[in-house]
Amino acid sequence: MNTWSITLALLLSFLSNTSAPSAMNEPAPTPVYAQPKEELRLSFPVVSDIHVQSDNKASQTKLAAALQDLHEISPDAGALIINGDLTNGRNGDYARLKTILNTYPHPANVWSTIGNHEFYKAWYDASGRWNPDGFPNGETEDASISRFLQFNGESSIYYEKTLSGYHFIFLGSEQYRQSNPDNKEDAYLSEAQLDWLKQTLNKDAQEGQPIFIFLHQPLPDTVAGTSNFINNRAIVQHQELQSILSAYPQVILFTGHTHWELNSKNTLAKGAFTMINTSSVEQPWTADDTGTGKEADAKASEGLLVDVYNDKVVVRGRDFAQKRWVPEAQFTIPAAAPETKNKLKTILTLPLPEALG
């Protein structure tokens with residue numbers, strides 16, 4: 001065998017022994033994400049202004065249809081959020097709402113905020129007749145709040161929940177017009193509630209991920225419907241609340257109250273943090289020539305579905321009446337991936353070198 005033949009044989013032998021990976025080979029690169037980038041971590045619908053009344057069949061039918069539609073498009077949702085104006089505050093209204101929830105499919109977790117309509121029993125007299133001249137018709141704010149808390153099972157108007165590692169903060173009005181006629185339909189947030197919010201946000205922000213906040217009334221001049229004369233304040237302590245939230249860009253604030261349709265301009269408003277209008281299940285409004293709004297199609301019914309991923313939050317507006325998505329209300333809000341957050345937390349907690357300490 002000549003030298004060339006020997007060399008060729010040795011080369012072929014080497015290739016045959018190294019064609020398959022061995023334990024000595026370098027491992028494959030570690031993926032950037034421990035989980036697939038597009039893995040859905042959490043899904044939850046947000047609806048508001050459902051206005052269920054025992055003597056209003058349409059309000060009951062619309063909520064039932066919304067629950068059925070949401071179950072069909074997101075059967076594994078982790079929670080149902082009802083962001084205020086659940087009822088007109090009467091025992092019969094709450095009873096009818098419970099019946100609907102017991103009849104139609106929805107997530108096991110049902111979390112809610114108090115709206116201005118939860119105080120509306122004060123507008124009815126003892127016979128159940130609408131009687132604004134008799135306001136407050138013997139009704140107290142404490143009684144209205146007590147009925148709401150009995151329904152939602154919480155001990156306070158403001159509270160926090162955690163789901164799949166994400167924080168949900170619920171705020172709400174502690175007063176109505178009995179305390180001060182100038183409150184009108186606005187949310188009154190006590191100093192105690194605002195202090196609790198500061199402490200809660202400071203704690204939750206350490207995890208570096210989106211924080212979901214729910215309040216029925218919106219901040220002025222932000223989302224759709226907040227720049228007209230009806231909702232020109234909406235929150236008595238709006239300046240204080242905006243100042244607190246502005247320190248946390250990861251906050252996503254969901255509000256109702258205006259009823260403005262999801263195809264309206266500024267359904268999502270971006271400032272130092274993100275704000276989103278939730279429209280209404282029972283009675284969406286559309287803009288008119290005066291800018292104050294009017295009732296949309298009587299069959300209209302709307303809400304949101306929120307999908308949370310590692311690196312983003314996707315908010316999709318839903319038309320329950322037509323069982324379709326609202327094309328003008330499809331939003332993607334970037335969020336840091338878990339590994340990025342963990343690396344940042346590690347960097348922030350490392351001891352400083354002596355030269356810098």
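Here the structure is shown first, and the text comes after it.
Throughout what follows, the structure given in this document is the object of discussion. Quick caveat: nothing in here was measured; it's all calculated off a predicted structure.

### Examining the environment of Gly92
(1) Moving on: The residue Gly92 is located in helix α3 (residues 91-103) in this model.
(2) Moving on: Gly92 sits 38 residues away from Ser54 along the chain, and the two C-alpha atoms are 5.7 Å apart.

### Here's the deal with the side chain of Asp125
(1) Moving on: Relative to the helices and strands, Asp125 resides in the loop between β3 (109-113) and α4 (141-152).
(2) Moving on: If near-sequence neighbours (up to four positions away) are discounted, Asp125 is found in contact with Asn131 and Asn137.

### Here we look at the nonpolar core
(1) Moving on: Grouped together as the largest cluster of nonpolar side chains are 27 residues, with contacts concentrated most on Val47, Ile50, Leu63, Leu86, Leu97 and Phe148.
(2) Moving on: For this core, the secondary-structure elements that each account for two or more residues are α2 (57-73), β2 (79-83), α3 and α4.
(3) Moving on: Top contributing element to this core by residue count: α2, with 5 residues.
(4) Moving on: Within the second largest apolar cluster, 26 residues are counted, among which are Ile81, Phe214, Val313 and Ile333.

### Remarks on the sheet that holds β3
(1) Moving on: Strand order in this open sheet of 6 strands is β3-β2-β1-β12-β13-β14, and the pairing throughout is mixed. Among the strands making up the open sheet, the edge pair consists of β3 and β14 (324-334). Here the strands of the sheet are splayed against their neighbours by 20° on average, with no regard to which way each runs.
(2) Moving on: Where strand β1 (residues 40-47) lies against β2, 2 bridges are found, and the strand directions are parallel. Bridge pairing in β2 links Val46 to Ile81.

### Things to note about the environment of Gly78
(1) Moving on: Tracing the sequence through the fold places Gly78 in the loop between α2 and β2.
(2) Moving on: Gly78 sits 34 residues away from Phe44 along the chain, and the two C-alpha atoms are 5.7 Å apart.
(3) Moving on: In contact with Gly78, not counting residues within four places along its chain, are Leu42, Ser43, Pro107, Asn109 and Leu163.

### Description of the packing of helix α5 (residues 191-204) against helix α6 (residues 238-245)
(1) Moving on: Axis separation between α5 and α6 bottoms out at 10 Å; the angle between their running directions is 10°. Between α5 and α6, the angle is such that the two are roughly parallel. Between α5 and α6, the residues in contact are Leu194, Leu197, Lys198 and Leu201 and Glu240, Leu241, Ile244 and Leu245, respectively.
(2) Moving on: Across the contact of α5 with α6, the residue classes break down as 6 nonpolar, no polar and 2 charged.

### Focus: the pattern of salt bridges
(1) Moving on: The full count for this structure, using the stated rule, is 15 salt bridges.
(2) Moving on: Asp69 is the salt-bridge partner of Arg318, the closest N and O atoms lying 2.8 Å from each other. You can see Arg318 sitting in strand β13 (residues 312-319) and its partner Asp69 sitting in helix α2, a full 249 residues away along the chain. Both residues of the pair, Arg318 and Asp69, count as buried.

### What to know about the pairing of strand β6 (residues 211-214)
(1) Moving on: By the alternation rule, side chains of β6 split into Ile211 and Ile213 and Phe212 and Phe214, which are all buried.
(2) Moving on: Direction of pairing for strand β5 (residues 166-170) relative to β6: parallel, over a ladder of 4 bridges. Bridging across to β6, Phe168 finds its partner in Phe212.
(3) Moving on: After leaving β5, the chain enters α5 and then returns to the sheet as β6, a path that is right-handed.
(4) Moving on: Relative to strand β7 (residues 251-255), β6 runs parallel, the two being bridged by 4 bridges. Of the residues in β7, the one forming a bridge with Ile213 is Leu253.

### What to know about the packing of aromatic side chains
(1) Moving on: Counted according to the given criterion, the structure contains 23 aromatic pairs.
(2) Moving on: Here Phe44 and Phe168 contribute two aromatic rings whose centre-to-centre distance is 5.0 Å and whose plane-to-plane angle is 70°, an arrangement assigned as edge-to-face. In this pair, Phe44 is assigned in strand β1 and Phe168 in strand β5, connecting sequence segments 124 residues apart.
(3) Moving on: The exposure class of Phe168 is buried, given its relative accessible area of 0%.
(4) Moving on: A ring pair is formed by Phe44 and Phe214, whose centres lie 6.4 Å apart and whose planes are at 75°; its orientation type is edge-to-face. Remark: Phe214 occurs in strand β6 and Phe44 occurs in strand β1; sequence separation between them is 170 residues.

So, how was this worked out
Residues numbered from 1 in each chain as written. Predicted model: local features only at pLDDT ≥ 70, side-chain atom pairs only at ≥ 80, totals over all residues. Heavy atoms only, no water. Helix = DSSP H or I, 4+ residues; strand = E, 2+ residues; numbered from the N terminus. Contact = heavy atoms within 4.5 Å. Core = buried A, V, L, I, M, F, W, Y, C linked by side-chain atoms within 4.5 Å. Buried < 20%, exposed > 50% of the residue type's maximum accessible area, 1.4 Å probe, protein only. Pairing = 2+ DSSP bridges. Axes fitted to C-alpha atoms, helices over the stretch in contact; angles between N-to-C directions. Parallel < 35°, antiparallel > 145°, perpendicular 65-115°, else oblique. Nonpolar A, V, L, I, M, F, W, Y, C, P; charged D, E, K, R; others polar. Salt bridge = Lys/Arg side-chain N within 4 Å of Asp/Glu carboxyl O. Right-handed = clockwise from strand over helix to strand, strands pointing away. Phe/Tyr/Trp six-rings, centres within 6.5 Å; stacked < 30°, edge-to-face > 60°.

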